[in-house]
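# Understanding the architecture of this molecule
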Amino acid sequence: MPHNLIIIGSGPAGWTAAIYAARAELKPVLFEGPEPGGQLMTTTEVENFPGFPKGILGSELMANMREQAKRFGTEIISDNVTAVDFSARPFKVTAGTNVHEANSVIISTGATARRLGLESEKALYGKGVSACATCDGFFFKGKQVIVVGGGDAAMEEACFLTRFADKVTIVHRRAEFKASKIMQERALANPKIQVIWNSAVEEILGVDIGHVTGVKLKDTVTGETRDMAIDGVFAAIGHEPTTALFKNILDLDEKGYIKTAPDSTCTSIQGVFAAGDVQDAKYRQAISAAGSGCMAAIEAERFLA
Ligand code: NDP
């Protein structure tokens, strides 16, 4: 017998979908995936999730959601989905050597922070290189750091880091920011923040001694390179949706996010829904992901009925 509903992914969208589907007695099966809990597991305090006036740890919030989904009868499988076949119903979802069947699927595989893609970045990750100011800013008290990127996230990270670091330098590959006016103004007005325009990080220095000591910057106009001494490197260059599994199966947008119908979580295949960051490049909040997980469960329930 195929399952009613398989949910792929265990962030706020997946768990919220599971809670709603389980309470509708759909007996959902949820695959936790390679990074259970998703991006919230790498943050510390979550202060903007309504209902927690004193804040809550990201990991605790996710553990609570998991427990709540389990309480209503969600079957949780701690495995990684490696293939899907949505060509006919029941849909097939492969995890390891097991093929699971379901009449509907909710995809909530989320997104991950984009990396610069340098070997030195990999070697020094967690040793001065980070993609999360909220998680790691504290370690840079009294230090000098760079933030790579020119979007809203880069502005926000840079401002946040001035709470800890003495000096924050935004390194951007062009001569103007992509960020909204208000975020730019806030960053540029901060006396601790300076900007290096038209520059790309070509190498992160310090691999030989095991922590970041600087960066090699390349001028994107002249091609000249120079070294800059620095204690930390924060990349804020956007996110990649986790959609490799669904390429050529579902309609994706030009950035790789799953396309959903307006005001809905319906994908290009009937009975397959997408919720959370995997279909949302705009808001990317735990609460908006949870909201769309709720929508997906209600839509799956109606579809099955
Ligand atoms: P964006 O895609 O908006 O910006 C990414 C930035 O990184 C761009 O400036 C881009 O450069 C640069 N970049 C991308 N790849 C590289 C690379 N390999 N090397 C160097 N630089 C690179 O992503 P964000 O994460 O900033 O924002 C995502 C969404 O979230 C946006 O819609 C944003 O508005 C929203 N957001 C809102 C916030 C708020 O309002 N408080 C806070 C954070 C995000 P280029 O400009 O040349 O393309």
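Here's a quick rundown of the structure.

Scoring rules and cut-offs
- Residues numbered from 1 in each chain as written.
- Predicted model: local features only at pLDDT ≥ 70, side-chain atom pairs only at ≥ 80, totals over all residues.
- Heavy atoms only, no water.
- Helix = DSSP H or I, 4+ residues; strand = E, 2+ residues; numbered from the N terminus.
- Rg over C-alpha atoms; globule rule 2.2 N^0.38 Å.
- Buried < 20%, exposed > 50% of the residue type's maximum accessible area, 1.4 Å probe, protein only.
- Contact = heavy atoms within 4.5 Å.
- Axes fitted to C-alpha atoms, helices over the stretch in contact; angles between N-to-C directions.
- Parallel < 35°, antiparallel > 145°, perpendicular 65-115°, else oblique.
- Left-handed = near helix turned anticlockwise from the far one by under 90°.
- Nonpolar A, V, L, I, M, F, W, Y, C, P; charged D, E, K, R; others polar.
- Near = heavy atom within 4 Å.
- Polar contact = N/O pair within 3.5 Å; in protein donor to acceptor, adjacent residues only side chain to side chain.
- Areas by Shrake-Rupley, 256 points an atom, 1.4 Å probe, with all protein chains shown as cover.
- Core = buried A, V, L, I, M, F, W, Y, C linked by side-chain atoms within 4.5 Å.
- Arc of directions from axis to C-beta.
- Salt bridge = Lys/Arg side-chain N within 4 Å of Asp/Glu carboxyl O.

Along the backbone of the protein there are 7 helices and 19 strands. Its C-alpha radius of gyration of 21 Å places the protein within 12% of the 19 Å reference for a compact globule of 305 residues. Based on the C-alpha atoms only, the size of the protein along its principal axes is roughly 65 × 45 × 40 Å. Every one of the 305 residues in the protein was classed for burial, and the buried ones make up 48%. Across the protein, contacts joining residues at least 24 apart in sequence account for 58% of those joining residues at least 6 apart.

If you want to describe how two helices pack, look at the angle between their axes and the distance between the axes. Where helix 5 (residues 152-161) contacts helix 6 (residues 181-188), the axes come no closer than 9 Å and their chain directions differ by 30°. By the angle between their axes, helix 5 is roughly parallel relative to helix 6. Of the two possible hands of crossing, helix 5 and helix 6 adopt the one that is left-handed. In contact with Asp 152, Met 155, Glu 156 and Cys 159 of helix 5, helix 6 contributes Met 183, Gln 184, Arg 186 and Ala 187. Per-class residue counts for the contact of helix 5 with helix 6 are 4 nonpolar, 1 polar and 3 charged.

Let's shift gears to the site of the ligand. The ligand sits among 18 residues. The nearest are Asp 152, Glu 156, Arg 173, Arg 174 and Lys 178. Between the ligand and Gly 150, the relevant distance is 3.0 Å, taken from an oxygen atom to a main-chain nitrogen or oxygen of the residue. Between the ligand and Lys 178 there is a distance of 2.9 Å, counted from an oxygen atom to a side-chain nitrogen or oxygen. The protein chains hide 72% of the 920 Å² of surface that the ligand would expose on its own. The dominant element in the shell around the ligand, judged by the number of residues it contributes, is helix 5, at 3 residues.

Assignment of secondary structure puts Ser 292 in helix 7 (residues 286-304). Overall, the relative accessible area of 8% leaves Ser 292 in the buried class. At 3.2 Å, the side chain of Ser 292 forms a polar contact with the backbone oxygen of Ala 289. The contact partners of Ser 292, leaving out residues within four places of it in the chain, are Thr 265, Ala 275, Gly 276 and Gln 279.

Before going further, it helps to spend a moment on the nonpolar core. Counting 28 residues, the largest nonpolar core has Leu 5, Ile 7, Trp 15, Phe 49, Leu 61 and Ile 106 as the members making the most contacts within it. Residue assignment for this core shows that the elements contributing at least two residues are strand 1 (3-8), helix 1 (12-23), helix 2 (58-71) and helix 7. Core analysis: the second largest hydrophobic core is formed by 22 residues, Val 145, Phe 160, Phe 164 and Met 183 among them.

Those residues of helix 6 that fall on the buried side of the exposure criterion are Met 183, Gln 184 and Ala 187. Angular distribution of buried residues about the axis of helix 6 spans 100°; they occupy a single face of the element. Exposed residues lying more than 90 degrees from the buried face of helix 6 are Lys 181 and Ile 182. Considering only its buried residues, helix 6 is in contact with helix 5, strand 12 (167-171) and strand 13 (193-196).

Looking now at the side chain of Ser 264. As for its position among the elements, Ser 264 is in the loop between strand 18 (239-241) and strand 19 (272-274). Discounting chain neighbours no more than four positions away, the residues touching Ser 264 are Met 295 and Glu 299.

In a structure, side chains of opposite charge can pair up when their charged atoms sit close to one another. Under the definition given, this model contains 7 salt bridges. We note a salt bridge from Arg 66 to Glu 32, for which the minimum N-O separation is 2.8 Å. Of the two residues, Arg 66 is situated in helix 2 and Glu 32 in the loop between strand 2 (29-31) and strand 3 (45-46); the sequence distance between them amounts to 34 residues. Overall, Arg 66 belongs to the partly exposed group, its relative accessible area being 28%. Its relative accessible area of 9% is what places Glu 32 among the buried residues. For Arg 174, the salt bridge is made with Glu 176, and the minimal N-O distance between the two is 3.8 Å.

Of all 10 residues that make up helix 5, 7 are buried, and the element is covered over most of its length. When helix 5 is considered as a whole, its buried residues turn out to be Ala 154, Met 155, Glu 157, Ala 158, Cys 159, Phe 160 and Leu 161.

On to the environment of Gly 232, then. Tracing the chain through its elements places Gly 232 in strand 17 (residues 232-235). Under the relative-accessibility criterion, Gly 232 is labelled buried at 0%. Each C-alpha atom, one on Gly 232 and one on Tyr 257, is 30 Å from the other, the two residues being 25 residues apart in sequence. For Gly 232, the contacting residues outside a window of four places in its chain are Gly 128, Phe 140, Gln 144, Val 145, Ile 146 and Val 212.

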